[in-house]
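# An overview of the molecular structure
Given next are the chains, with one letter for each unit.
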Amino acid sequence: MTTSFGSATSTVIPNDPKIRMQSFTGLKSLHSIALARNHRVFPLPFSTPSVIRAVSTPVKPETSTTEPKRSKVEIFKEQSNFIRYPLNEEILTDTPNINEAATQLIKFHGSYQQYNRDERGTRSYSFMLRTKNPGGKVPNQLYLTMDDLADQFGVGTLRLTTRQTFQLHGVLKKNLKTVMSTIIKNMGSTLGACGDLNRNVLAPAAPLMTKEYLFAQETADNIAALLTPQSGFYYDVWVDGERFMTSEPPEVVKARNDNSHKTNFPDSPEPIYGTQFLPRKFKIAVTVPTDNSVDILTNDIGVVVVSDDNGEPQGLNIYVGGGMGRTHRMEATFPRLGEPLGYVPKEDILYAIKAIVATQRDHGRRDDRRYSRMKYLISSWGIEKFKTVVEQYYGKKFEPFRELPEWEFKSYLGWHEQVCVSIWRCYNGRVGGKMKKTLREVIEKYNLNMRITPNQNIILCDIRSAWRRPITTVLAQAGLLHPKYVDPLNLTAMACPAFPLCPLAITEAERGIPDILKRVRSVFEKVGLKYNDSVVIRITGCPNGCARPYMAELGLVGDGPNSYQIWLGGTPNQTQLARSFMDKVKVQDLENVFEPLFYYWKQKRQPKESFGDFTARIGFEKLKELVDKWEGVVQTPPARYNLKLFADKETYEVMDELAKLQNKSAHQLAIEVIRNFVASQQNGKSE
């Protein structure tokens with residue numbers, strides 16, 4: 001039994017003068033180009049009648065004679081000829097970097113300019129490229145292409161993101177066009193993976209064949225297509241105007257072109273976005289009832305399939321206003337959960353999505369980017385006013401939100417016989433070294449498609465039953481063990497890339513989390529927690545929240561050099577917002593906080609009470625008192641372990657010396673050796 005991604009193929013559409021924009025002809029003097037390269041902002045020296053701003057409702061022209069205050073990025077967008085200029089010129093210069101305006105514009109093309117922050121002195125510039133894969137779907141050809149590009153033009157690794165995409169790090173400016181065009185010509189895209197527009201649309205990655213799951217994936221694909229930029233800037237810059245596209249369903253084209261409720265900019269190359277696109281990034285997720293593998297409440301729009309008793313999709317519930325980003329010590333910035341907006345019949349979902357996007361486009365703040373996400377608009381207006389405005393663009397009232405069952409976090413790790421797939425945990429999303437080499441061999445040999453999960457894992461699809469044992473064996477040898485042989489703390493943990501390349505990072509995340517998880521495991525053993533007592537831990541290098549730490553039971557957020565802000569109170573099913581517990585805890589002092597918290601969780605928790613629920617019930621005032629008064633755990637003599645694990649004192653002492661070299665106890669190291677031995681014996685056997 002196999003699953004497939006469908007039969008959509010890439011087609012090359014020849015240059016069409018009716019579609020393609022003419023080259024930008026303004027600001028071409030040597031003086032003005034020099035100004036651009038010196039990172040200066042300058043006004044357009046001529047009238048541009050084609051400029052269509054998206055800073056006020058298109059129904060009512062701006063009547064005020066005062067120019068509204070706008071951020072610098074808004075000026076860059078307006079002057080860019082729909083995200084072309086000056087990027088199209090900057091990528092051709094001999095410098096290793098691009099100027100300020102181009103740095104902002106290249107985000108819309110799916111790339112960020114970065115530099116190695118581990119180096120001192122002259123900056124070593126490179127670019128990170130992020131793909132766009134609705135629902136995490138990655139065809140075989142695209143994966144092999146990304147694997148090749150990582151070796152030829154990147155740092156030799158791929159990274160899986162929390163939004164079901166790849167990130168390719170370390171691409172030099174001189175290689176950008178080669179890498180971008182190669183991705184485009186091999187069934188991939190980076191268009192809109194960054195920038196002020198709709199980002200990758202999430203959907204449950206497991207290719208389950210129920211009507212609900214299939215409809216969720218189809219809906220995610222259609223929303224992604226609806227909100228894809230139309231002006232051709234991406235193809236003009238990277239493939240000289242050729243349009244590599246898959247055919248769009250007629251309902252998508254119809255919804256995009258519909259302007260019966262004044263959602264569009266007539267005669268604009270960007271009918272939904274206009275010249276200004278959106279005030280900030282915009283995130284959407286689609287799922288089915290109970291399945292919260294997508295962190296549904298953290299998105300600007302969360303869409304949930306609603307079916308009848310026979311499992312036939314009838315419509316969709318819509319949440320709005322989620323978002324993670326914030327700024328330390330600025331209470332006016334905050335993470336926020338999405339809240340119910342209403343229900344729409346399934347045939348109306350694209351029109352409802354478009355109405356919400358138009359509302360944010362025309363009313364979201366464009367003067368201060370810290371407050372430009374839709375969550376701040378809803379917090380300012382209130383949900384009822386927001387709904388009223390959206391309904392004007394939608395053209396009808398939303399129906400009442402349908403009741404939903406309780407959410408569950410589903411990782412899908414392990415083998416799934418019904419769809420012949422395996423889901424493997426890629427530690428913190430980084431694919432490199434032996435793991436990367438082995439994955440390529442497996443994917444290439446068996447011609448497998450794959451999917452990326454919102455928890456930075458890989459799903460291998462279309463695996464025949466006869467292939468299961470050899471695939472399991474070879475992956476285990478590369479460190480990709482069956483989840484039952486992986487520490488439960490690692491199964492749900494996430495971290496953002498942070499240092500060395502992210503310019504926003506304050507401290508470590510991806511590079512720091514392996515040691516922190518080992519230390520948490522050590523604390524668990526010290527206070528007497530069981531091996532399967534797990535906690536959802538997420539770490540980010542800055543407060544922007546890319547790994548969604550504000551939904552974790554224990555969130556660590558970069559708060560200074562080698563220090564973290566600690567957040568507590570999220571739940572295992574990601575439905576409750578965590579809260580800030582302590583600021584500026586040095587990385588070497590984390591045990592001083594972890595030990596009392598985990599000790600009292602073990603001692604005072606209610607039956608089956610999660611760590612997040614426990615911290616929320618006890619309250620932060622009491623928890624801080626416990627941390628302040630903590631004097632340490634009374635140590636249990638190690639002989640209790642020796643009787644079980646060590647035949648003699650000499651063996652114990654040797655193991656203890658080896659363990660100290662790895663910052664572990666003898667007991668920990670012995671357990672690790674035993675688990676690895678069992679895993680090597682069991683992996684590859686039929687269950």
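Residues numbered from 1 in each chain as written. Predicted model: local features only at pLDDT ≥ 70, side-chain atom pairs only at ≥ 80, totals over all residues. Heavy atoms only, no water.

Note the threshold: UniProt positions are given in the numbering used here, feature names are shortened, and annotations may be inferred rather than shown by experiment.
Per an unreviewed UniProt entry, the protein goes by the name assimilatory sulfite reductase (ferredoxin) and belongs to Gossypium tomentosum. Check the Sequence similarities (unreviewed entry) section of the UniProt entry for the protein; it says "Belongs to the nitrite and sulfite reductase 4Fe-4S domain family." You can read under Subunit (unreviewed entry) in the UniProt record for the protein the words "Monomer. Interacts with ferredoxin."

### Here we look at the overall build of the protein
The condition is simple: Only DSSP runs of H or I covering at least 4 residues are called helices, and only runs of E covering at least 2 are called strands; the numbering of each starts at the N terminus. Here the Shrake-Rupley method, with its probe set to 1.4 Å, supplies the accessible areas, and only the displayed protein chains count as covering residues.
On a plain count of helices and strands, the protein comes out with 22 helices and 21 strands. Put simply, the protein shows about 29300 Å² of open surface, and 52% of that area lies on carbon and sulfur atoms.

### Topic: the pairing of strand S8 (residues 284–287)
Where we set the bar: Residue burial is assigned from relative accessible area. The probe radius is 1.4 Å, only protein chains are included, and a residue is buried under 20% of its type maximum, exposed over 50%, and partly exposed in between. Here, strands pair whenever DSSP counts at least two bridges between them.
Neither face of S8 is exposed, since Ile284 and Val286 on one face and Ala285 and Thr287 on the opposite face are all buried. Relative to strand S9 (residues 301–307), S8 runs parallel, the two being bridged by 4 bridges. The partner of Thr287 across the bridge, within S9, is Val304.

### Brief notes about the sheet that holds strand S14 (residues 430–431)
Strand pairing within a sheet occurs via backbone hydrogen bonds; the two strands may be parallel or antiparallel. Counted only if it meets this: In what follows, a contact means two residues having at least one pair of non-hydrogen atoms within 4.5 Å. Throughout, an axis means a line fitted to C-alpha atoms (over the contacting stretch in the case of helices), and angles, computed between N-to-C directions, take values from 0 to 180 degrees.
The strand order S2-S3-S6-S5-S14 describes an open sheet built from 5 strands, whose pairing is antiparallel. If you trace the sheet from one side to the other, it starts and ends with strand S2 (111–115) and S14, each paired once. Pairing of strand S5 (residues 158–160) with strand S6 (residues 166–171), which is carried by 3 bridges, proceeds in the antiparallel orientation. Looking at S6, one finds that Leu160 is bridged to Phe166. Most of the contacts of helix H5 (residues 140–153) go to S6, to which it runs at about 20°, and overall it touches S5, S6 and S14. Sitting on the sheet, helix H6 (residues 176–184) is in contact with S2, strand S3 (125–130) and S6, with an inclination near 10° to S3.

### Remarks on the pairing of strand S20 (residues 563–568)
Counting buried residues in S20 gives 6 out of 6 residues, a clear majority hidden from the surface. Burial along S20 is two-sided: Ser563, Gln565 and Trp567 and Tyr564, Ile566 and Leu568, pointing in opposite directions, are all buried. In this structure, strand S19 (residues 554–558) lies alongside S20, joined through 5 bridges in antiparallel fashion. Within the sheet, the bridge partner assigned to Gly555 lies in S20 and is Trp567. Taken together, S19 and the strand that follows it, S20, pair antiparallel across an intervening segment of 4 residues, in which Gly560 is found at a positive phi of about 135°.

### A closer look at empty space enclosed by the protein
By rolling a water-sized probe across the atoms, one finds the places where empty space is left. Cut-off, in case you're wondering: Cavities and pockets are defined on a 1 Å grid built over the protein atoms alone: a cavity is a set of grid points where a 1.4 Å probe fits but cannot escape, while a pocket is an open set with protein on both sides within 12 Å along at least five of seven lines, and lining residues are those with an atom within 4 Å of any such point. Grid points are joined across faces, edges and corners, and a volume is the space filled by probe spheres set on the points. Each residue gets one of three labels, nonpolar for Ala, Val, Leu, Ile, Met, Phe, Trp, Tyr, Cys and Pro, charged for Asp, Glu, Lys and Arg, and polar for the others, Gly among them.
Within this structure, the stated rule accounts for 5 cavities of 30 Å³ or more. Every residue along the wall of the second largest cavity is listed here: Ala205, Ala206, Ser293, Phe409, Lys410, Ser411, Tyr412, Thr453, Pro454, Asn455 and Asn457. A breakdown of the residues in the lining of the second largest cavity according to their chemical character gives 5 nonpolar, 5 polar and 1 charged.

### Re the side chain of Arg538
Quick note on the threshold: Nitrogen and oxygen atoms within 3.5 Å of one another constitute a polar contact, given that in protein one can donate a hydrogen and the other can accept it, and given that sequence-neighbouring residues count only through two side-chain atoms.
Looking at the element boundaries, Arg538 is found in strand S18 (residues 537–540). Of note is the side chain of Arg538, whose polar atom sits 3.0 Å from the backbone oxygen of Arg548.

### Thoughts on the environment of Thr290
Tracing the sequence through the fold places Thr290 in the loop between S8 and S9. Remark: the alpha-carbon pair of Thr290 and Val304, spanning 14 residues in sequence, is separated by 9.5 Å. Excluding anything up to four places from it in sequence, Thr290 contacts Pro405, Glu406, Trp407, Glu408 and Lys410. Side-chain polar atoms of Thr290 contact the side chain of Lys410, separated by 3.3 Å.

### Looking at the sheet that holds strand S17 (residues 494–495)
Taken together, the 5 strands give an open sheet; going across it, the order is S17-S18-S19-S20-S21, and neighbouring strands pair in mixed fashion. Edge positions in the open sheet fall to S17 and strand S21 (579–586), since each of these has one partner strand only. Direction of pairing for S17 relative to S18: parallel, over a ladder of 2 bridges. Across the sheet, Met494 pairs through a bridge with Arg538, a residue of S18. Strands in contact with helix H17 (residues 590–604) are S19, S20 and S21; relative to S21, the strand with the most contacts, it is inclined by about 140°. The strands that helix H19 (residues 620–628) touches are S20 and S21; relative to S21, the one it contacts most, it runs at about 25°.

### A short note on helix H16 (residues 513–527)
Applied cut-off: Multiplying one less than the number of residues by 1.5 Å gives the expected span of a helix.
The end-to-end C-alpha distance of H16 is 21 Å, a good match for the 21 Å that 15 residues give at a rise of 1.5 Å each. Residues of H16 that are buried: Ile513, Ile516, Leu517, Arg519, Val520, Arg521, Val523, Phe524 and Val527. Just past H16, the residue Gly528 takes up positive phi, approximately 90°.

### Here's the deal with the pattern of salt bridges
Any two side chains of opposite charge can pair, given that their charged atoms come close. To be explicit about the condition: Take a side-chain nitrogen of Lys or Arg and a carboxyl oxygen of Asp or Glu: if they are within 4 Å of each other, that pair is a salt bridge.
Counting across every chain of the model gives 41 salt bridges. Taking the shortest distance from any N to any O, the salt bridge between Arg70 and Glu78 comes out at 2.9 Å. Glu78 matches Arg70 in its accessibility class, with the two residues each being buried. One network of salt bridges, in which partners are shared, links Asp147, Asp148, Asp151, Lys436, Arg440 and Glu444.

### A look at the environment of Leu460
Tracing the sequence through the fold places Leu460 in strand S16 (residues 457–460). Take Leu460: its relative accessible area is 0%, and that puts it in the buried class. Separated by 37 residues in the primary sequence, Leu460 and Ile423 have C-alpha atoms spaced 6.3 Å apart.

### Side note on the packing of helix H9 (residues 250–257) against helix H10 (residues 349–363)
Angle between the axes and distance between the axes: these two values describe a pair of packed helices. Definition in use: Note on convention: the crossing is left-handed when the near helix lies turned anticlockwise from the far helix by less than a right angle, right-handed when the turn is clockwise.
It is at 9 Å that the axes of H9 and H10 come closest, and there the two elements cross at 35°. Crossing of H9 against H10: the hand is right-handed. Judged by residue contacts, Glu251, Val252, Lys254, Ala255, Arg256 and Asn257 of H9 engage Leu350, Tyr351 and Lys354 from H10. Residue classes in the contact of H9 with H10 are distributed as 4 nonpolar, 1 polar and 4 charged.

### Details of the side chain of Thr275
The residue Thr275 is located in the loop between H9 and S8 in this model. Residue class for Thr275 comes out buried when judged on its relative accessible area of 4%. Here Gln276 takes part through its side chain, which lies 2.8 Å from a polar atom of the side chain of Thr275.

### Quick notes on helix H14 (residues 468–477)
Note on helix geometry: an α-helix contains 3.6 residues per turn, so any two residues three or four positions apart are oriented the same way. Applied cut-off: The arc in question is formed by the directions pointing from the helix axis toward the C-beta atoms.
For H14, the set of buried residues is Arg468, Ile471, Thr472, Leu475 and Ala476. For H14, the angular spread of the buried residues around the axis is 125°, confining them to a single face. Facing away from the buried surface of H14 by more than 90 degrees, the exposed residues are Arg469 and Gln477. Just downstream of H14 lies Gly479, where phi reads positive at about 95°.

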